[in-house]
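Residues per chain, in single letters:
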Amino acid sequence: MSDQASVVTGAGASQSDTDIPQPTYKRVMLKISGEALMGDQGFGLNPPTVERIAQEVKSVHDMGVEICMVIGGGNIFRGLQGSAQGMERTTADYMGMLATVMNALAMQSALEGLGVYTRVISAIPMDQVCEPYIRRRAVRHLEKGRVCIFAAGTGNPYFTTDTAATLRANEMACEAIFKGTKVDGVYDMDPVTNSEAVRYDQVSYDDVLAKRLGVMDASAIALARDNNLPIIVFSLDEPGGFKGILSGEGTYTRVGN
């Protein structure tokens, strides 16, 4: 049975079309940090946490949404931190890119364990473990119902995985970027340390840049603004939050024009 056939039969065999919530977006980019995969650990991968996030992705995939993913590498190695400690910046950034490949492979394993066909696509060719980035091939994977995890950033130093996620989202014609964080949106100050922090329901790209709200780095925000690509900031720790927002519910902040 082909990938597409399994997706079609799984999506509509037992429910009528009226029973299935219609998602607000048909193709999205999910950007999460490497630290999100650590769980309560201070380093590396926590398998139950990876499994939980994979379940969240599967629940959205089961709605018929085409999903792209970019995962940071900060749980294994962070290029800027290595550079700050005296390592040459370009080398440190390439090491960080390799860390994102490791995280992508871990997520692929978790998703395929749940029956979700997944492809890891790397900006740095490493044919033994994943596919090289070819835009038209990646689009075809999405059309066949496969989750595409884009790894190794843009393939260039000095660019973050936030920028890589925005670039790939534009190339894949995604309708929105979903930025999974530890809080349920964008606040005017850190809600963890300040109980009076106020959450924005909606905020403009320019305000994010002017107020340094820390949603994504400036290059990513500017790229999203120039292509009118909305960014949905939500809590990855809230069970069902990703699916809820796509069903028109949940708490989040929308960054846009």
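Up top is the structure.
Residues numbered from 1 in each chain as written. Predicted model: local features only at pLDDT ≥ 70, side-chain atom pairs only at ≥ 80, totals over all residues. Heavy atoms only, no water.

**Examining the packing of aromatic side chains**
Part 1 of the reasoning: Within this structure, the stated rule accounts for five aromatic pairs.
Part 2 of the reasoning: Taking 5.9 Å as the distance between ring centres and 70° as the angle between the ring planes, the aromatic pair formed by Tyr-133 and Phe-150 counts as edge-to-face. Note that Tyr-133 is positioned in the loop between β4 (131-132) and α5 (135-143) and Phe-150 in strand β5 (residues 147-151), a separation of 17 residues in sequence.
Part 3 of the reasoning: The rings of Tyr-25, Phe-178, Phe-234 and Phe-242 are connected pair by pair, giving a single aromatic cluster.
Part 4 of the reasoning: Between the NZ or CZ atom of Arg-168 and the centre of the ring of Tyr-133, over which it lies, the distance is 3.8 Å. (Phe/Tyr/Trp six-rings, centres within 6.5 Å; stacked < 30°, edge-to-face > 60°. Helix = DSSP H or I, 4+ residues; strand = E, 2+ residues; numbered from the N terminus. Lys NZ or Arg CZ within 6 Å of the ring centre and 35° of its normal.)

**Quick word on helix α8 (residues 218-226)**
Side chains that are three or four residues apart share a direction in an α-helix, a result of its 3.6 residues per turn.
Part 1 of the reasoning: Considered for burial, the residues of α8 that qualify are Ala-220, Ile-221, Ala-222 and Ala-224.
Part 2 of the reasoning: Buried-residue contacts for α8 involve α6 (161-171), α7 (205-210) and β10 (231-235).
Part 3 of the reasoning: The backbone nitrogen of Ser-219 has a side-chain oxygen 3.0 Å away, supplied by the residue at the start of α8, namely Asp-217.
Part 4 of the reasoning: Looking one or two residues beyond α8, the residue adopting positive phi is Asn-228, at roughly 55°. (Buried < 20%, exposed > 50% of the residue type's maximum accessible area, 1.4 Å probe, protein only. Contact = heavy atoms within 4.5 Å. Polar contact = N/O pair within 3.5 Å; in protein donor to acceptor, adjacent residues only side chain to side chain.)

**A word on the pairing of β10**
Part 1 of the reasoning: Within β10, five of the five residues are buried, leaving the element largely enclosed by the surrounding structure.
Part 2 of the reasoning: With five bridges connecting them, strand β6 (residues 176-181) and β10 associate as parallel partners. Each residue of the ladder has a partner; that of Ile-177, found in β10, is Ile-231.
Part 3 of the reasoning: Two strands pair when backbone bridges link them, and β10 and strand β11 (residues 253-256) are joined in this way by three bridges, in the antiparallel orientation. Across the sheet, the residue bridging to Ile-232 is Arg-254, located in β11. (Pairing = 2+ DSSP bridges.)

**Some points on unusual backbone geometry**
Glycine aside, negative phi is the norm for most residues, and most peptide bonds take the trans geometry.
Part 1 of the reasoning: Its identity is not glycine, yet Ala-173 carries a phi of approximately 60°, on the positive side.
Part 2 of the reasoning: Note that Ala-173 resides in the loop between α6 and β6.
Part 3 of the reasoning: The class for Ala-173 is exposed, based on a relative accessible area of 53%.
Part 4 of the reasoning: In the Ramachandran plot, Arg-212 falls in the positive-phi region, its phi being about 50° despite a non-glycine side chain.
Part 5 of the reasoning: Positionally, Arg-212 belongs in the loop between α7 and α8.

**Details of the nonpolar core**
Part 1 of the reasoning: With 39 residues, the main nonpolar core has Met-69, Met-107, Leu-111, Ile-149 and Phe-178 as its most contacted residues.
Part 2 of the reasoning: Those elements that provide at least two residues to this core are β1 (27-32), α2 (47-61), β2 (66-71), α4 (89-113), β5, β6, β10 and α9 (241-246).
Part 3 of the reasoning: A total of six residues in this core trace back to one element, the largest contributor, which is α4.
Part 4 of the reasoning: Phe-178 has contacts with Tyr-25, Val-28, Met-29, Leu-30, Lys-31, Ile-232, Phe-234, Phe-242, Ile-245 and Leu-246, leaving out every residue within four places of it along the chain. (Core = buried A, V, L, I, M, F, W, Y, C linked by side-chain atoms within 4.5 Å.)

**Regarding the sheet that holds strand β9 (residues 202-204)**
Part 1 of the reasoning: Taken in spatial order, the nine strands of this open sheet run β4-β3-β5-β2-β1-β6-β10-β11-β9, and their pairing is mixed. Strands at the two margins of the open sheet, each flanked by one partner only, are β4 and β9.
Part 2 of the reasoning: The sheet contact formed by strand β3 (residues 118-122) and β5 spans five bridges and is parallel. Bridge pairing in β5 places Arg-119 opposite Cys-148.
Part 3 of the reasoning: Across the sheet, α4 is in contact with β2, β3 and β5; its angle to β3 comes to roughly 170°. (Axes fitted to C-alpha atoms, helices over the stretch in contact; angles between N-to-C directions.)

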